[in-house]
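Observations on chain architecture
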Amino acid sequence: QVQLVESGGGLVEAGGSLRLSCAASGSIFSINVAGWYRQAPGKQRELVATITTGGNRNYADSVKGRFTISRDNAKNTVYLQMNSLKSEDTAVYYCNVLMTNGINYWGKGTLVTVSS
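A brief structural summary.

What counts, and at which threshold
- Position labels on residues start from 1 in each chain and follow its written sequence.
- Thresholds applied to this predicted model are a pLDDT of at least 70 for local features of residues and 80 or more for the giving and counting of side-chain atom pairs; totals over whole chains, interfaces and linings are not thresholded and use all residues.
- Hydrogens and water are ignored here; the side-chain numbers use all heavy atoms of the structure.
- Numbering of helices and strands runs from the N terminus, with a helix taken as a DSSP run of H or I at least four residues long and a strand as a DSSP run of E at least two residues long.
- Our radius of gyration looks at C-alpha atoms and nothing else; its globule reference is 2.2 Å times the residue count to the power 0.38.
- Throughout this description, buried means an accessible area under 20% of the type-specific maximum (1.4 Å probe, protein chains only), exposed means over 50%, and partly exposed covers the range between.
- We call two residues contacting when some pair of their heavy atoms lies within 4.5 Å.
- By the counting scheme adopted, Arg and Lys are positive, Glu and Asp are negative, and His together with the chain ends is not counted.
- Note that the charge is assigned to NZ on lysines, CZ on arginines, CG on aspartates and CD on glutamates.
- Note on terminology: disulfide denotes any pair of cysteine sulfur atoms within 2.5 Å.

1. So, the overall build of the protein chain
- In terms of regular secondary structure, the protein chain is built from zero helices and 11 strands.
- Start at the N end of the protein chain and walk to the C end: the helices and strands fall as β-β-β-β-β-β-β-β-β-β-β.
- In summary, the protein chain has a C-alpha radius of gyration of 13 Å against a globular reference of 13 Å for 116 residues, a match within 12%.
- Along the longest, intermediate and shortest principal axes, the C-alpha atoms of the protein chain span 40 × 25 × 25 Å.
- Evaluated residue by residue, the protein chain yields a buried proportion of 41% over its 116 residues.
- Residue pairs at least 24 apart in sequence account for 52% of intrachain contacts in the protein chain once pairs closer than 6 positions are excluded.
- One way to put it: in the protein chain the 11 positive side-chain charges average out to a point 5 Å from where the 7 negative ones average out.

As structure tokens, this is what we get:
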């Protein structure tokens, strides 16, 4: 079992920045990939960024060059630094981890609202 708690969401003006955090607890030694997803109103949940235990990163085209995913293994935390935010980035952002046994865990989400 892994518990995930997101924080850092809020209201920001277009062009601004936010940093999301995802603190993991539980069986964290079995985490294979950690990532962020988002779901805007009326839309399906979509991948934002992922990072493997080896540090390989993957980004959605819509956030490349603006968002950076990172992890602090000592703090069991994954971050998403979001710069140059746009109104279309408005969504609930969810932390996700994929375990080595193939099980996914999700956080409850944190709301990011970008005003134009």
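On we go from here.
2. Re unusual backbone geometry
- Positive phi values are uncommon outside glycine, yet asparagine 76 reaches one of about 55 degrees.
- Its place among the elements puts asparagine 76 in the loop between strand S7 (67-72) and strand S8 (77-82).
- Residue serine 84 is not a glycine yet carries a positive backbone phi of 50 degrees.
- Looking at the element boundaries, serine 84 is found in the loop between S8 and strand S9 (91-99).
- Residue classification places serine 84 among the partly exposed positions, given a relative accessible area of 41%.

3. Re the environment of glycine 55
- For glycine 55, the position within the fold is in the loop between strand S5 (46-52) and strand S6 (57-59).
- Judged by relative accessible area, glycine 55 falls into the partly exposed class, the value being 26%.
- In sequence terms glycine 55 and cysteine 22 are 33 residues apart; their C-alpha atoms lie 16 Å from each other.

4. Focus on the state of the cysteines
- One pass over the structure, following the stated rule, counts one disulfide.
- The disulfide partner of cysteine 22 is cysteine 95, and the S-S distance across this bridge is 2.0 Å. Taking the torsion about the sulfur-sulfur bond, which here is approximately -80 degrees, the covalent link between cysteine 22 and cysteine 95 counts as left-handed. Linking cysteine 22 in strand S3 (residues 18-26) with cysteine 95 in strand S9, this pair joins segments that are 73 residues apart in sequence.
- Relative accessible area serves as the criterion here: at 1%, cysteine 95 is assigned to the buried category.

5. So, the environment of methionine 82
- Topologically, methionine 82 is positioned in strand S8.
- With 14 residues separating them in the primary sequence, methionine 82 and asparagine 96 have C-alpha atoms 17 Å apart.
- Once residues lying within four places of it in the same chain are set aside, the contact partners of methionine 82 are Gly16, Ser17, Leu18, Leu20, Arg66, Phe67, Tyr93 and Val112.

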